[in-house]
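Single-letter residue listing:
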Amino acid sequence: MPRIAEKLVQKTLIDEFDRNGAVCVRGAFDSAWIAELRKGFQRVQENPSPRAHEFVRNADGKVFRSDPDNWERIPEYRDFVYHSPCSQIAAELMQSDKANLFFDQSFYRSPGQQFRTPWHQDEPYWSIEGFQTMGIWMPLVPVEKKSSLEFIRGSHRWEQKYKQIDFDDVSPEALKNAKANLDGEGWEPLPDFDADPERWGIISWEMEPGDCAVFNGRTYHGGSGRLSEGRDLSVYNTKWAGDDVRAAFRPWKMQPDHTGKMLAGGMKHGDALDPKLFPQLWPR
Ligand SMILES: O=C(O)CCC(=O)C(=O)O
């Protein structure tokens, strides 16, 4: 008889995720997983991949950088995505029968870094399309609420599309003047969410290692940064795809870009994800 896995996520949290497009799952990962991920994270900082990208380097040397797609070469990351509860949490919150790993990402901010990630959605920057996409944002250090990732409640269901920026240049001048990367017919300028947090319903949480913020790939998110003196921010992030997700090769720049990997693997626009490229990790 096949064993039926016990549910990990309570129904009330699944409903909250469905309604708000983002939830905080408290104590999802034990200290052994955090210790292992910290080892992997350190390995990535010491030996970055060719995909590593520094978004910001201040005059005083403080950085904000990202390094995507390391789960295949970093043994601790590989162990985590294959064997930790992350894939089951992803499937349950997406209300999907399966969860494929799309990619992972390591984010590092130096102690005291103030830079805040510009507001954006994830799914339009990816070469996939579907309602059942999500990110699991896992800080490996404690995070104050003012430094945590923020979400616009319910924005995963908005019909209106908004222009969004090119993440290759996030300098203040570029953010003010640059032509949008994501732009199409009827797309409006992105509202200034920070000007009226109450109206837009900005949510975020103070978090401890082991907690994770889980959000739909269509939910507007940003912020983070604004670190107190002496506090850094190391985050391990995994991105997931569920039942309804298909390849979508879009006319604008993908960030990070998986188009080459998908085309080289024989995938075409509209295909379901090929598990040889994006492993199905739930059900195991
Ligand atoms: O950690 C951050 O500042 C950015 C995170 C983010 O945008 C994402 O996980 O999609």
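Residues numbered from 1 in each chain as written. Predicted model: local features only at pLDDT ≥ 70, side-chain atom pairs only at ≥ 80, totals over all residues. Heavy atoms only, no water.

Caption draft 1: View of the overall build of the protein chain. When helices and strands are counted, the protein chain shows 7 helices and 14 strands. In summary, the protein chain has a C-alpha radius of gyration of 18 Å against a globular reference of 19 Å for 284 residues, a match within 12%. For the protein chain, the spread of C-alpha atoms along the three principal axes comes to 60 × 45 × 40 Å. Evaluated residue by residue, the protein chain yields a buried proportion of 56% over its 284 residues. Long-range contacts, defined as pairs at least 24 residues apart, comprise 85% of the intrachain contacts of the protein chain with a sequence gap of at least 6. Per element, the accessible surface of the protein chain, about 13300 Å² overall, is 50% carbon and sulfur. (Helix = DSSP H or I, 4+ residues; strand = E, 2+ residues; numbered from the N terminus. Rg over C-alpha atoms; globule rule 2.2 N^0.38 Å. Buried < 20%, exposed > 50% of the residue type's maximum accessible area, 1.4 Å probe, protein only. Contact = heavy atoms within 4.5 Å. Areas by Shrake-Rupley, 256 points an atom, 1.4 Å probe, with all protein chains shown as cover.)

Caption draft 2: Expanded view of the nonpolar core. Counting 39 residues, the largest nonpolar core has Ile128, Trp137, Phe151, Trp205 and Leu273 as the members making the most contacts within it. Mapped onto this core, the elements with two or more residues apiece are strand E1 (22-25), strand E2 (53-57), strand E4 (99-109), strand E8 (149-152), strand E10 (212-216) and strand E12 (233-241). In terms of nonpolar packing, the next biggest core, distinct from the first, is built from 38 residues, Val23, Ile74, Val81 and Leu101 among them. (Core = buried A, V, L, I, M, F, W, Y, C linked by side-chain atoms within 4.5 Å.)

Caption draft 3: Local environment of the packing of aromatic side chains. Counted under the stated rule, the structure contains 24 aromatic pairs. Taking 6.3 Å as the distance between ring centres and 80 degrees as the angle between the ring planes, the aromatic pair formed by Phe55 and Phe167 counts as edge-to-face. One end of the pair, Phe55, is in strand E2; the other, Phe167, is in the loop between E8 and helix H5 (172-177), and 112 residues separate them in sequence. Judged on exposure class, the residue Phe55 and its partner Phe167 are both buried. A centroid spacing of 5.3 Å and a plane angle of 70 degrees characterise the contact between Trp187 and Trp252, whose relative ring orientation is edge-to-face. Of the two residues, Trp187 sits in the loop between H5 and helix H6 (197-200) while Trp252 sits in the loop between strand E13 (246-247) and helix H7 (259-264), which places them 65 residues apart along the sequence. An aromatic cluster of at least three residues, connected via ring pairs, comprises Phe55, Phe64, Phe107, Phe115, Tyr125 and Phe167. The lysine or arginine in question, Arg109, covers the ring of Phe64, its NZ or CZ lying 3.8 Å from the ring centre. (Phe/Tyr/Trp six-rings, centres within 6.5 Å; stacked < 30°, edge-to-face > 60°. Lys NZ or Arg CZ within 6 Å of the ring centre and 35° of its normal.)

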